[in-house]
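Here is what each chain is made of, one letter per residue.
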Amino acid sequence: MDRRRFLQGSLATAAATTLGTAATPSALAAATDRPSLPLPNLIDVGQSGRLDLVAQHGNQSFFSGNPSATLGYNQDYLGPIVRARRGQDVAVRLLNDLQQPVATHWHGLLVPGNADGGPHQAIRPGGVWEPVLSIDQPPSTAWFHAHTHPHTARQVYAGLAGVFQIDDGRDDERGLPHQHGVDDFTLVIQDRRFDPLGRLGMMDRMHGFQGDHILVNGAHYPRARMPRSVVRLRLLNGSNARIYHLRFDDDRPMHVIASDSGYRPQPVAADELRLAPGERIEVLVDFGDGHDARLVTGPDQNQGGPGMMGMMSSLRSFTTSVLEGDTPVLSFHPGSRKATVDQLPETIDDELPAPPTEFAQRRHFSLDMMLGGMPMMGGRGGPTMGINGRPFDMQHINEQTSLGTTEHWIIESNMLMHPFHIHGVRFRVLADENGRSPRLENQGYKDTVLVDGRAEIAVEFTQPADRETPFMYHCHILEHEDAGMMGHFIVS
Ligand code: C2O
Ligand code: CU
Ligand code: CU
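Keep in mind that what you see is a predicted model, and the values were worked out from it rather than measured.

So, how was this worked out
Residues numbered from 1 in each chain as written. Chains lettered and ligands numbered in written order. Predicted model: local features only at pLDDT ≥ 70, side-chain atom pairs only at ≥ 80, totals over all residues. Heavy atoms only, no water. Buried < 20%, exposed > 50% of the residue type's maximum accessible area, 1.4 Å probe, protein only. Helix = DSSP H or I, 4+ residues; strand = E, 2+ residues; numbered from the N terminus. Pairing = 2+ DSSP bridges. Donors = N, O, S within 2.8 Å, 3.2 Å for Na, K, Ca; no water. Polar contact = N/O pair within 3.5 Å; in protein donor to acceptor, adjacent residues only side chain to side chain. Contact = heavy atoms within 4.5 Å. Axes fitted to C-alpha atoms, helices over the stretch in contact; angles between N-to-C directions. Salt bridge = Lys/Arg side-chain N within 4 Å of Asp/Glu carboxyl O.

Peer 1: When you look at the pairing of strand β30 (residues 448-451) in this model, what are you seeing that I'm missing?
Peer 2: On any regular strand, side chains alternate: one points to one face of the sheet, the next to the other face. Side chains Thr-448 and Leu-450 of β30 all project onto a buried face; the interleaved residues Val-449 and Val-451 project onto the opposite face, where all are buried too. Two strands pair when backbone bridges link them, and strand β27 (residues 418-422) and β30 are joined in this way by four bridges, in the antiparallel orientation. Residue pairing in the sheet places His-421 in a bridge with Thr-448 of β30.

Structural data, given as structure tokens:
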């Protein structure tokens, strides 16, 4: 299909399934020039060892003309990319310049509970938080985002999220592109909903929020100039609930080089990659042929089965914005200039050790959607969700684990798939869907895994966390987390 028909077709679908009028933001976007891919500011803290962040109010015009009220770190919407060196300390000074409390969590950093930024560490309006982050983990793409119970979904949706990269200075030896904005692109993928004037719209609770427009670094279906080389894409699903199925419309392969918590030994080619909220995946893509290509996503199928829909038919009207078919996410336009890498490396990192087979403990977690019968919608509290039959309770520590041990965690989901995330650890996926050996996305070290049925993971506890500042585990569909699908544990 040629580019123009592809574009018109998918935009027409998006418009029809959402707002249904001619004055939709989609129509606006089709009528005007598409934006270029915004490149977030890179703050390299390798030299200074200092990181100053301000959680602030902003205004962002997503579509020409009408600004939306947003939140961001150091900017109107989203935040900078922080790049830190393995082995260094980063002294953070985070000022909360908002009129609401904000906790800020370093998702993917292996730091003790007292620096982790979970809901127990909310910063009051006007307050400052000064954790020191001792970076002692392999290179990876982590991120930071609001984690203020029970307002995480709203605050992240409004823009409180940024990226945190860990670098060890050895990417040249590995043959990996690493020049930010030249051949190394960080892509924060989020879905958002807009009113007919192009302003950010509201959210849902039960399925988690689903938007009708996909943004990359805050721009709707942007264009990115590429070198005629091998480039690195660091993909982060920063959406509240949407699961992406990403592929190139010309079927060019994506060569996976890293999962959430670091590199894999060799690149592995994939045609399509699934990315759940909270997950990161890094890929190499070869634009040496000089041809334009588009990254697209298939529909999110995480809407529950017929039983789910029947049970919650009253909720359907809240979730009308399902994107059907392929939706374009980002288009790539290679020029004539080359960057430094034009061949895929054969080896990136050491072989992964075999997953552990001996465990200090086994624990079961069931991700429960409707505690106490039917969900209440419209009421102030919204639905109540939980883990092992219990909604999150700030006062009740759910689990106690021992520093230096590895445990076997078995996580079960029902009705929907849930991306399960654990703070302060990395883990290996032993089996993803009901005993099956892990799919490509789940190989290597991770901190978030999409649970579809029953998943089993081997979790390493290398960071301490006490009662005052425990680690969290939760569903990364942010509406589920806010509704109580979260627990916390100490490591001592
Ligand atoms: Cu990315 Cu507890 O979160
Ligand atoms: Cu986390
Ligand atoms: Cu969930």
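Moving on from the coordinates now.
Peer 1: Is there a simple way to think about the coordination of the copper ion (ligand 3) in this case?
Peer 2: Ideal values differ by geometry: the angle at a metal is 109.5 degrees with four tetrahedral donors, but 90 or 180 degrees with six octahedral donors. Donor atoms from the polypeptide that bind the copper ion (ligand 3) are His-418 (ND1), Cys-475 (SG) and His-480 (ND1), placed at 2.0 to 2.1 Å. Each donor residue of the copper ion (ligand 3) lies on the same chain, and together they follow the pattern H-x56-C-x4-H. Of the two residues, His-418 sits in strand β27 while Cys-475 sits in strand β32 (residues 471-475), which places them 57 residues apart along the sequence. Each member of the pair, His-418 as well as Cys-475, carries the same accessibility label: buried.

Peer 1: Before we go on, may I ask you to explain the side chain of Arg-83 in this structure?
Peer 2: You can see Arg-83 is positioned in strand β4 (residues 81-85). Looking at Arg-83, the relative accessible area reads 10%, which means it is buried. Only 2.8 Å separates the side chain of Arg-83 from the side chain of Gln-165, close enough to count as a polar contact. A polar atom in the side chain of Arg-83 sits 3.1 Å from the side chain of Asp-184. If we ignore the near neighbours within four places in the chain, the residues touching Arg-83 are Leu-42, Ile-43, Asp-44, Val-45, Gly-46, Gln-165, Asp-167, His-178, His-180, Asp-184 and Arg-234.

Peer 1: Would you take a moment to explain the environment of Asn-74 for this structure?
Peer 2: Structurally, Asn-74 can be placed in the loop between β3 (68-73) and β4. Sequence separation between Asn-74 and Ala-55 is 19 residues; the distance between their C-alpha atoms is 6.5 Å. Setting aside anything within four residues of it in sequence, one finds Asn-74 in contact with Ile-43, Asp-52, Leu-53, Val-54, Gln-56 and Pro-80. Here Asp-52 takes part through its backbone oxygen, which lies 3.1 Å from a polar atom of the side chain of Asn-74. Within polar-contact distance, the side chain of Asn-74 engages the backbone nitrogen of Val-54 at 2.6 Å.

Peer 1: Even after reading the chapter, I still don't get the coordination of the copper ion (ligand 2), so can you show me in this structure?
Peer 2: Surrounding the copper ion (ligand 2) are the protein donor atoms His-105 (NE2) and His-421 (NE2), which sit 1.8 to 1.9 Å from the metal. Residue His-105 is located in strand β6 (residues 104-107), and its partner His-421 is located in strand β27; the two are separated by 316 residues in the primary sequence. Residue His-421 is classed as buried on the basis of its relative accessible area, which comes to 1%.

Peer 1: Would you take a moment to explain the sheet that holds β30 for this structure?
Peer 2: If you trace the five strands from one edge of the open sheet to the other, you get β25-β33-β32-β27-β30, paired in mixed fashion. Each edge of the sheet is formed by a strand with only one pairing partner; in this case those strands are β25 (399-401) and β30. Across the sheet, the mean angle separating the axes of adjacent strands is 25° when strand polarity is ignored. In the sheet, β27 pairs with β32 via three bridges, with the strands oriented antiparallel.

Peer 1: Mind showing me how you'd approach the pattern of salt bridges here?
Peer 2: Oppositely charged side chains are able to pair whenever their charged atoms sit close together. Counted by the stated rule, this structure contains 31 salt bridges. Among the ionic pairs, Glu-460 bridges to Arg-426, the shortest N-O distance being 3.6 Å. With Glu-460 in strand β31 (residues 454-460) and Arg-426 in strand β28 (residues 426-431), the pair connects residues that are 34 residues apart, well separated along the chain. When its relative accessible area of 23% is taken as the criterion, Glu-460 is described as partly exposed. Because the salt bridges share partners, they merge into one network encompassing Arg-83, Asp-168, Arg-170, Asp-171, Glu-173, Arg-174, Asp-184, Arg-232, Arg-234 and Glu-282.

Peer 1: Honestly, the side chain of Arg-274 in this entry has me stumped. Any pointers?
Peer 2: With respect to the helices and strands, Arg-274 occurs in strand β19 (residues 272-275). Residue classification places Arg-274 among the buried positions, given a relative accessible area of 6%. With residues up to four places along the chain from it excluded, the contact list for Arg-274 reads Ile-243, Tyr-244, His-245, Glu-279, Glu-433, Arg-439, Glu-441, Asn-442 and Leu-450.

Peer 1: I would appreciate a short explanation of the environment of Arg-199 in the present structure.
Peer 2: Here Arg-199 shows up in the loop between β11 (184-192) and β12 (213-216). Overall, Arg-199 belongs to the partly exposed group, its relative accessible area being 35%. Taking the C-alpha atoms as reference points, Arg-199 and Phe-62, separated by 137 residues in sequence, lie 7.2 Å from one another. Beyond its immediate chain neighbours, meaning those up to four positions away, Arg-199 contacts Asn-66, Pro-67, Ser-68, Arg-193 and Phe-194.

Peer 1: Even after reading the chapter, I still don't get the environment of Asn-398, so can you show me in this structure?
Peer 2: Its place among the elements puts Asn-398 in the loop between β24 (386-387) and β25. Put simply, Asn-398 and His-488 are 90 residues apart on the chain and 5.6 Å apart in space, counted from C-alpha to C-alpha. Here Asn-398 is in contact with Arg-390, Tyr-473, Gly-487 and His-488, once residues within four sequence places are set aside.

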